[in-house]
Amino acid sequence: MTAVAVLLLPVMGLLLFMMDRVEDRVTAAPKPARRATRNHLRLVEDPDLSPGAGHEAGRADAA
């Protein structure tokens, strides 16, 4: 019986430690949302479109 208690002691210590970490994450205040930087999204120009065509020509082809 003593051997079982000695073997379970590290397991129970690890479980207690992990539950403490989970509780800290759950009860913590949410982090503020990240904002995309100015260069986060870069648009690639289509060389086939003329400068005056805009996006309307692309939508007509897709439909």
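Everything that follows concerns the structure shown earlier in this document.
Residues numbered from 1 in each chain as written. Predicted model: local features only at pLDDT ≥ 70, side-chain atom pairs only at ≥ 80, totals over all residues. Heavy atoms only, no water.

**A look at the overall build of the protein chain**
Stated precisely, the cut-off is as follows: Under the scheme used here, helices are H or I runs from DSSP no shorter than 4 residues and strands are E runs no shorter than 2 residues, and both carry numbers assigned from the N terminus. Only protein chains enter the area calculation, which uses a 1.4 Å probe; residues under 20% of their type maximum are buried, those over 50% are exposed, and those in between are partly exposed. To measure how exposed things are, a 1.4 Å probe is used in the Shrake-Rupley method; for residues, cover is taken only from the protein chains shown.
In terms of regular secondary structure, the protein chain is built from 2 helices and 0 strands. Across the 63 residues of the protein chain, 0% fall into the buried class. On the protein chain, roughly 6,900 Å² of surface is accessible, and the fraction owed to carbon and sulfur atoms is 63%.

**Observations concerning a nonpolar patch on the surface**
Which entries qualify depends on this criterion: Only residues whose relative accessible area exceeds 30% and that form no salt bridge are eligible for patches; like-charged ones are grouped when within 9 Å, while nonpolar side chains (Val, Leu, Ile, Met, Phe, Trp, Tyr) are grouped when within 5 Å. Salt bridge criterion: a side-chain nitrogen from Lys or Arg within 4 Å of a carboxyl oxygen from Asp or Glu.
Side chains of Val-4, Leu-8, Val-11, Met-12, Leu-15 and Met-19 sit close together on the surface and give an oily, nonpolar patch of about 580 Å² of accessible area. Mapped onto the elements, Leu-8 comes out in helix H1 (residues 2-27). Residue Leu-8 is classed as partly exposed on the basis of its relative accessible area, which comes to 45%.

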